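# Examining the three-dimensional arrangement
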Amino acid sequence: MQMTVSNYEWHEFFPNVTHNIGVVIAIWAPIVMVYLMDTQIWYAIYATIVGGIYGAFGHLGQIRTLGMLRSRFESVPSAFNERLVLMQKDEPKSDHHVMLYFLSFMFILV
């Protein structure tokens, strides 16, 4: 079973090569890339499961009653206004309070 190849005809990709390292790289490169993608997918699944268990045991974001849920929804408009809405100095406050009331009314209906 000793078979040697003395002349490679890979002239399109590797013009003056007498060894097969280019062929080995060309064959194994897609396999290594798929392995790396699979590793990333498995890490995402692992991180989701471990993070969910950690959050469940740490009671992160836990709402125990409907009253607590309602109070969170009532505080959303004010948190939205404090963090995301820019207040202008010449803006009258009455318009701001009407908008705040409207947003809180919309969240109560939801």
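## A short note on the overall build of the chain
Within the chain one finds three helices and zero strands. Tracing the chain from N to C terminus, the helices and strands come up as α-α-α. Counting all 110 residues of the chain, 6% fall into the buried class. For the chain, the accessible area works out to roughly 10,500 Å², and carbon and sulfur atoms hold 67% of it.

## What about unusual backbone geometry?
One can expect most non-glycine residues to show negative phi and most peptide bonds to be in trans. Positive phi, normally seen in glycine, also occurs at His59, with a value near 55 degrees. Residue position: His59 is located in the loop between helix 1 (21–57) and helix 2 (66–84). Overall, His59 belongs to the partly exposed group, its relative accessible area being 49%.

## Concerning the confidence of the model for the chain
Summarising the model, the chain shows a mean pLDDT of 77, and 63% of its residues fall at 70 or more. Mean pLDDT across the secondary structure elements of the chain bottoms out at helix 3 (residues 93–109), with 61, and peaks at helix 1, with 90.

## Points about a nonpolar patch on the surface
Together, Ile21, Val24, Ile25, Ile27, Trp28, Ile31, Val32, Tyr35 and Leu36 make up a nonpolar patch on the protein surface, roughly 920 Å² of accessible area in all. As for its placement among the helices and strands, Trp28 is situated in helix 1.

About the thresholds
- Residues numbered from 1 in each chain as written.
- Predicted model: local features only at pLDDT ≥ 70, side-chain atom pairs only at ≥ 80, totals over all residues.
- Heavy atoms only, no water.
- Helix = DSSP H or I, 4+ residues; strand = E, 2+ residues; numbered from the N terminus.
- Buried < 20%, exposed > 50% of the residue type's maximum accessible area, 1.4 Å probe, protein only.
- Areas by Shrake-Rupley, 256 points an atom, 1.4 Å probe, with all protein chains shown as cover.
- pLDDT = per-residue confidence, 0-100.
- Patch = residues over 30% accessible without salt bridge, like charges linked within 9 Å, V, L, I, M, F, W, Y side chains within 5 Å.
- Salt bridge = Lys/Arg side-chain N within 4 Å of Asp/Glu carboxyl O.

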